[in-house]
Amino acid sequence: MPVDQTLIGRVFPATKPYSVSEEKVREFVTATGGTYDGGAAPATFPIVLAFDAMNAFLEAESIDLFRIVHGEQKFSYQRPVRPGDVLIATLSVASLRQIGGNDIIGTTSEITDEAGALVCATSATLVHRAAAE
């Protein structure tokens, strides 16, 4: 069953505040095969928040994660993410189309700080595979 077209433009509730610490950045860097010597988080670190926002969206819409293929991810920064930041992510559905029975879902997530200032925007393309007949 295709995803409902009325999702386009819908904004989902923000994630819980996420406290960025040197320990969390170090864990992320280690998990991705790097080393962390302090300072700003790597450019891909906001995926931690964007993934939480995406999972909440999938759960709210009863979309099975096992049927999702991650097609693309982009980040656009206003400033680097640093330890000490407290961030939230708000996901919205930017586009939705069907190809060969699969849903191609375009999402955007705004990552903001405690003051509500935009830190980073992410966009993702998710392919929701059609159910086997």
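Let us look at the structure shown here. (Residues numbered from 1 in each chain as written. Predicted model: local features only at pLDDT ≥ 70, side-chain atom pairs only at ≥ 80, totals over all residues. Heavy atoms only, no water.)

1. Looking at the environment of Ala53
Point 1. Here Ala53 shows up in helix α2 (residues 47-60).
Point 2. The exposure class of Ala53 is buried, given its relative accessible area of 4%.
Point 3. Placed 55 residues apart in sequence, Ala53 and Thr108 show a C-alpha to C-alpha distance of 9.9 Å. (Helix = DSSP H or I, 4+ residues; strand = E, 2+ residues; numbered from the N terminus. Buried < 20%, exposed > 50% of the residue type's maximum accessible area, 1.4 Å probe, protein only.)

2. Quick look at the side chain of Asp113
Point 1. With respect to the helices and strands, Asp113 occurs in the loop between β4 (102-112) and β5 (118-128).
Point 2. At 3.0 Å, the side chain of Asp113 forms a polar contact with the backbone nitrogen of Ala115.
Point 3. Looking at Asp113, its side chain comes within polar contact range of the main-chain nitrogen of Ala117, at 2.9 Å.
Point 4. Not counting the four nearest positions on each side in its chain, Asp113 is found in contact with Arg79, Val86, Leu87 and Val119. (Polar contact = N/O pair within 3.5 Å; in protein donor to acceptor, adjacent residues only side chain to side chain. Contact = heavy atoms within 4.5 Å.)

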